[in-house]
Amino acid sequence: MARRCLYLLALGGVLLLGIATFSRSKGLRRSLRGAASRIPSQFSEEERVDMKRRFSISDCLTLTGAIQIPTVSFTSEDYNTTALAEFGEYIYKVFPTVFSTSFIQHEVVGGYSHLFTVQGSDPSLQPYLLLAHIDVVPAPAEGWKVPPFSGLEHDGFIWGRGTLDNKNSVMAILQALELLLIRDYIPQRPFFIALGHDEEVSGKNGARKISTLLQARGVQLAFVVDEGSFILDGFIPNVKKPFAQIAVAEKGSINLMLQVNVTPGHSSAPQKETSIGILAAAVSRLEQTPLPNMFGDGPLKTTLELLANEFSFPTNIILSNLWLFWPFVRRFLERNHITNALVRTTTALTMFNAGIKVNVIPSVAQAVVNFRIHPAQTVQEVLELVKNIVADDRVQLHVLSAFDPEPVSPSDNQALGYQLLRHTIHSVFPEVSIVAPGTCIGNTDSRHYKNLSNGIYRFNPFYLRPQDFTGIHGLNEKISVQAYETHVKFIFELIQNADTVRVSVPHVHEL
Ligand SMILES: CCCCCCCC/C=C\CCCCCCCC(=O)N[C@@H](CCC(N)=O)C(=O)O
Ligand SMILES: [Zn+2]
Ligand SMILES: [Zn+2]
């Protein structure tokens, strides 16, 4: 009853005050609106067939295609170096113009990563960086409808590990540049392309080394574009149509090992508690005690306000008036595992090891918990909360790896990278009316570049539905041929759009 009264009261207030509107100054957004690509992003039938083959199954220059090369990362010390080296040779063969153009320098960094420096014709413009990664997570063939490294095309889709994460970006970036160069396009704004080889296992040998190299050269970037968000379709119940989310934030991470040591013994006369029992109780407490809901801090509130009109009544009214309804929305978002990941630091129990024999009380039990830290919290704050939840001195806590969330990048009208992406999304996907800032719940190589730019944007130009999400790191990863072509078109337009707009920048760097 009380809730109903509150709701009616609020509704009345809303009608009186009028539904919130967002004032938008013109500035950069206006200058982008008139910007048109100088070379139309239209590809001949032959070019379309070629770009598909290079990505999937190349029958022209080699027997393999990009998806067929098993560039698997297992751990930060163990990745398929043979495949990574083969991939380097492959891109050299299939993108001859990129590799032979005088104003493009190519360097191999960290053994297998690639850095391309494209010297723009106007060095007064601040450079930007396009990121992607060559490596993929393992893909045992069980459960796949086609072999994961076959690159087979079926029903309009290219199947295989890396088709969404992230050889699509690697190949689309190089393909778009190749096609622009063939059309004699000379970029005005300098830019870099960095293709990491160990993103899936930290990026410390690829992205981090490239970033260090660029920093040593005094490079400051106008913006960085990486993977990490999409045109989201069906992730939020009741949202009427897909919307593009550009991730301006990225969660932090802690891998925490919990360990319990006891004196081993015969299982016929166990002590009251075993190492396994103590550890199991501790990790269960962690799982059963969610970390605080941080709704209201970070970009999610803005995303929901921008989406408000996409919902039907009364959700549209509720989201337009979060100042009033935030306690309700805060609780609502916890109910679904993906929206829950957006409002708090998540706790995932990922490894559990103990025991050597059926009749031996094990001396050691170990578990690993993976926390993804909300943008409004830090590693130290999370560790403090975790200690209080575990609350058992017999459980040792060892931080295996940890990093804080990334700073939130600007998404205002003067934010060049954000506005260029926004403009390009509207031009390549005219049916997508909403572009909103958001948070990447996974981690990307872009975090290694935060010293070089405050404008880091994570966006992949394709539609993602919840069922597609299960293919990323999962089974039957696939991309439609049309989505891959559109990815190429998007980069083709983005590079040209980056040349069209002029904003004053504080730092000018000569490549
Ligand atoms: C209101 C907005 C609703 C938003 C719904 C969000 C839907 C999110 C969908 C997908 C997010 C996918 C994130 C992809 C990037 C993840 C890349 C990745 O797997 N990285 C690894 C890196 C590991 C490492 N060692 O660095 C990881 O995160 O584990
Ligand atoms: Zn990835
Ligand atoms: Zn991945």
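For the chain, the name recorded in an unreviewed UniProt entry is N-fatty-acyl-amino acid synthase/hydrolase PM20D1, with Loxodonta africana as its organism.

Engineer: I would appreciate a short explanation of unusual backbone geometry in the present structure.
Structural biologist: Among all residues except glycine, the phi angle is most often negative; among peptide bonds, the trans geometry is most common. In this structure, N166 follows D165 across a cis peptide bond, with omega equal to 10°. One can find N166 in the loop between strand 7 (157-159) and helix 6 (167-182). A positive phi is found at D184, a non-glycine position, where the angle reads about 65°. Relative to the helices and strands, D184 is located in the loop between helix 6 and strand 8 (191-196). Here D184 falls in the exposed class, since 7 other C-beta atoms lie within 10 Å of it. Here N476, not a glycine, exhibits a phi torsion of approximately 55°, which is positive.

Engineer: What should I look at first to understand the sheet that holds strand 16 (residues 364-373) in this one?
Structural biologist: Backbone hydrogen bonds hold the strands of a sheet together, and the pairing may be parallel or antiparallel. Sheet architecture is open: 4 strands sit in the order 14-16-12-17, paired in antiparallel fashion. The open sheet has two edge strands, strand 14 (346-354) and strand 17 (395-403), and neither has a second partner. Averaged over all pairs of adjacent strands, the angle between their axes in this sheet comes to 20°, without regard to strand direction. Relative to strand 17, strand 12 (residues 252-261) runs antiparallel, the two sharing 8 bridges. By the bridge assignment, L256 is partnered in strand 17 with V399.

Engineer: Just checking my understanding: could you explain the environment of L181 for this structure?
Structural biologist: Looking at the element boundaries, L181 is found in helix 6. What makes L181 buried here is the crowd of 20 C-beta atoms within 10 Å. Placed 84 residues apart in sequence, L181 and T97 show a C-alpha to C-alpha distance of 6.8 Å.

Engineer: What is the right way to read the nonpolar core from this model?
Structural biologist: Considering soluble globular proteins, one finds that nonpolar side chains tend to be buried as a cluster. Counting 102 residues, the largest nonpolar core has L129, I173, A176, V224 and Y457 as its most contacted members. The element best represented in this core is helix 6, accounting for 10 residues. Taken domain by domain, this core gets at least three of its residues from each of domain 1 (45-227 + 442-500) and domain 2 (243-403). Apart from the residues lying within four places of it in its own chain, the contact partners of V224 are Y128, L129, L131, S446, Y449, S453, G455, I456 and Y457. Counting 16 residues, the second-largest nonpolar core is a separate cluster that includes I254, L258, V260 and F371.

Engineer: Would you mind showing me how to read the sheet that holds strand 21 (residues 478-480) here?
Structural biologist: One open sheet holds the 3 strands; their spatial order is 6-7-21, and the pairing between them is antiparallel. The two strands at the open ends of the sheet, each matched to only one other strand, are strand 6 (153-154) and strand 21. Summarising the sheet, strand 6 and strand 7 pair through 2 bridges and their orientation is antiparallel. Looking at strand 7, one finds that H154 is bridged to F157. Across the sheet, helix 16 (residues 481-500) touches strand 6, strand 7 and strand 21, and the angle it forms with strand 21 is around 75°.

Engineer: Is there a simple way to think about the domain arrangement of the chain in this case?
Structural biologist: Size of an interface: often given as the accessible area lost when the parts come together. For the chain, the assigned domains are domain 1 (45-227 + 442-500) and domain 2 (243-403). For domain 1 and domain 2, the distance between their C-alpha centres works out to 32 Å. Listed per partner, the contact involves 6 residues of domain 1 and 5 residues of domain 2. Of the residues assigned to the side of domain 1 that touches domain 2, the class counts are 2 nonpolar, 2 polar and 2 charged.

Engineer: Looking at this structure, how should I read the site of ligand 1?
Structural biologist: Near ligand 1, the surroundings consist of 19 residues, among which S202, G228, F235, G442 and N443 are the closest. Its residues assigned to classes, the shell around ligand 1 shows 9 nonpolar, 8 polar and 2 charged. Of the residues that make up the shell around ligand 1, three or more belong to each of domain 1 (45-227 + 442-500) and domain 2 (243-403).

Engineer: How should helix 13 (residues 379-390) be read in this particular structure?
Structural biologist: Given 3.6 residues per turn, any residue in an α-helix points the same way as the ones three and four places further on. Here helix 13 spans 16 Å end to end across 12 residues, near enough to the 16 Å set by a 1.5 Å rise per residue. Where helix 13 is buried, its residues touch strand 12, helix 8 (275-288), strand 16 and strand 17. A391 lies just past helix 13 and shows a positive phi near 45°.

Engineer: For this particular structure, what's the right way to read the pairing of strand 3 (residues 104-109)?
Structural biologist: The two faces of the sheet receive side chains in turn, since in a regular strand these alternate between them. Pairing geometry for strand 3 and strand 4 (residues 113-118), over 6 bridges, is antiparallel. From the neighbouring strand, I104 faces strand 4, where its bridge partner is V118. Joining the antiparallel neighbours strand 3 and strand 4 is a turn of 3 residues, in which G110 adopts a positive phi near 65°.

Engineer: Sorry, what's going on with helix 3 (residues 45-55) here?
Structural biologist: Every buried residue of helix 3 is listed here: M51, K52, R54 and F55. Projection of helix 3 onto a plane perpendicular to its axis shows the buried side chains occupying an angular sector of 165°, all on one side. The exposed residues of helix 3 that point more than 90 degrees off its buried face are E45 and E46. Residues of helix 3 that are buried in the fold lie against helix 4 (81-94), strand 7, helix 6 and helix 16.

Engineer: Which parts of the structure should I look at to understand the environment of Q271?
Structural biologist: Looking at where Q271 falls in the secondary structure, it is placed in the loop between strand 13 (265-266) and helix 8. Assessed through the 11 C-beta atoms surrounding it within 10 Å, Q271 is described here as exposed.

Engineer: Help me understand the environment of L397 in this model?
Structural biologist: Summarising the element assignment, L397 is placed in strand 17. Distance in space between the C-alpha atoms of L397 and V98 is 49 Å, their sequence separation being 299 residues. Beyond its immediate sequence surroundings of up to four residues, L397 is in contact with L256, L258 and K387.

Engineer: What's the story with the packing of helix 3 against helix 16 in this structure? I'm lost.
Structural biologist: Two quantities define a packed helix pair, namely the angle between the helix axes and the distance between the axes. Following both chains from N to C, one finds helix 3 and helix 16 inclined at 105°, their axes separated by 11 Å at the closest point. When the interaxial angle is binned, helix 3 and helix 16 end up roughly perpendicular. For the pair helix 3 and helix 16, the contacting residues are R48, M51, K52 and F55 in the first and V481, Y484, E485 and V488 in the second. For the contact of helix 3 with helix 16, the per-class residue count stands at 5 nonpolar, no polar and 3 charged.

Basis of the calculations
Residues numbered from 1 in each chain as written. Chains lettered and ligands numbered in written order. Predicted model: local features only at pLDDT ≥ 70, side-chain atom pairs only at ≥ 80, totals over all residues. Helix = DSSP H or I, 4+ residues; strand = E, 2+ residues; numbered from the N terminus. Buried ≥ 20, exposed ≤ 12 C-beta atoms within 10 Å, placed from the backbone. Pairing = 2+ DSSP bridges. Axes fitted to C-alpha atoms, helices over the stretch in contact; angles between N-to-C directions. Core = buried A, V, L, I, M, F, W, Y, C linked by C-beta atoms within 7 Å. Domains from an automatic or database assignment. Contact = placed C-beta atoms within 7 Å. Nonpolar A, V, L, I, M, F, W, Y, C, P; charged D, E, K, R; others polar. Near = placed C-beta within 6 Å. Expected span 1.5 Å × (residues − 1). Arc of directions from axis to C-beta. Parallel < 35°, antiparallel > 145°, perpendicular 65-115°, else oblique.

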